[in-house]
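Fold and geometry: a report
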Amino acid sequence: SQLALPADLRAARAMMVTSCLLALLAAGVSIVGMGCTRCAEGSPAKASIAGSGGIGFVAAGLLCLVPVSWSTSDIVAEFYDPTLPAGMKYEIGQALYLGFASSALSILGGALLGASCLGKEPPFPLRSATGPPPFSGPPSAAKGNQAPSATSATGNHAPSATSATGNHAPSVTSAAHSGYRLSDYV
């Protein structure tokens, strides 16, 4: 029966179950915060979500480490107790080694996940979609939005940079074939 167990074993069992549930929750939160998922895509809080998943993994690892260390301490203390007969002494088994390994890996993974998400901000400030697009025309056209009146080596006037494409400069291939020269702008 569950109630017949000593209080320390009930507490250890409760901490292990809580650790497993917290690790599952941290895994779900971390998946939402990953850069390769579409959940919360474009949100500036995406890195914070992944970082909170890392914190959850660290907490789950600590919750696992406490009962494992507690049980190990009890086993070692009873093993060296001279009043206990030899048949009543336990030794450290594979379950405790697995407990130490799993808690160490959970703490390490959570710390790495949390550290990788620190300071992750968007590299460029988010621009509202209602404002005008940035101007990408030639430098002389940016001053007054006037087309340059550069004369090419053949004496022909260069076509207007904003005539066919609005505010944008022509592409590299059309600029090369329509009389634009880099020396006209530099």
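Residues numbered from 1 in each chain as written. Predicted model: local features only at pLDDT ≥ 70, side-chain atom pairs only at ≥ 80, totals over all residues. Heavy atoms only, no water.

The name recorded for the protein chain in an unreviewed UniProt entry is CLD14 protein, from Pomatostomus ruficeps.

Right, let's talk about the overall build of the protein chain for a bit. When its secondary structure is counted, the protein chain shows five helices and zero strands. The secondary structure elements of the protein chain, listed N-terminal to C-terminal, are α-α-α-α-α. For the protein chain, the proportion of its 186 residues judged to be buried stands at 20%. Long-range contacts, defined as pairs at least 24 residues apart, comprise 57% of the intrachain contacts of the protein chain with a sequence gap of at least 6. Of the roughly 12,700 Å² that the protein chain leaves accessible, carbon and sulfur atoms contribute 68%. (Helix = DSSP H or I, 4+ residues; strand = E, 2+ residues; numbered from the N terminus. Buried < 20%, exposed > 50% of the residue type's maximum accessible area, 1.4 Å probe, protein only. Contact = heavy atoms within 4.5 Å. Areas by Shrake-Rupley, 256 points an atom, 1.4 Å probe, with all protein chains shown as cover.)

Before going further, it helps to examine the UniProt feature "transmembrane region" (unreviewed entry) in the protein chain. Feature annotation in UniProt assigns "transmembrane region" (unreviewed entry) to the following positions: residues 12-35, 47-70 and 95-118. Each end of residues 12-35 is marked by a C-alpha atom, and these two atoms are 36 Å apart; helix forms 92% of the span and strand 0%. Helix makes up 100% of residues 47-70 and strand 0%, with an end-to-end C-alpha separation of 35 Å. (UniProt positions renumbered as here; feature names shortened; annotations may be inferred.)

Relative to each other, helix H2 (residues 46-79) and helix H3 (residues 94-116) sit at 155°, their axes nearing to 7 Å. By the criterion of interaxial angle, the relationship of H2 to H3 is roughly antiparallel. Regarding H2 and H3, the two cross each other, and that crossing is left-handed. Among the residues forming the contact of H2 with H3, the class breakdown is 14 nonpolar, 13 polar and no charged. (Axes fitted to C-alpha atoms, helices over the stretch in contact; angles between N-to-C directions. Parallel < 35°, antiparallel > 145°, perpendicular 65-115°, else oblique. Left-handed = near helix turned anticlockwise from the far one by under 90°. Nonpolar A, V, L, I, M, F, W, Y, C, P; charged D, E, K, R; others polar.)

Right, let's get into the packing of helix H1 (residues 7-33) against H2. Their axes nearest at 8 Å, the elements H1 and H2 cross at an angle of 160°. When the interaxial angle is binned, H1 and H2 end up roughly antiparallel. By crossing handedness, the relation of H1 to H2 is classed as left-handed. Here the contact of H1 with H2 is built from residues that sort into 20 nonpolar, eight polar and three charged.

Let's shift gears to a nonpolar patch on the surface. Together, Val76, Phe79, Tyr80, Ile92 and Tyr97 make up a nonpolar patch on the protein surface, roughly 510 Å² of accessible area in all. Counting through the fold element by element, Phe79 comes out in helix H2. Here Phe79 falls in the partly exposed class, since its relative accessible area comes to 34%. (Patch = residues over 30% accessible without salt bridge, like charges linked within 9 Å, V, L, I, M, F, W, Y side chains within 5 Å. Salt bridge = Lys/Arg side-chain N within 4 Å of Asp/Glu carboxyl O.)

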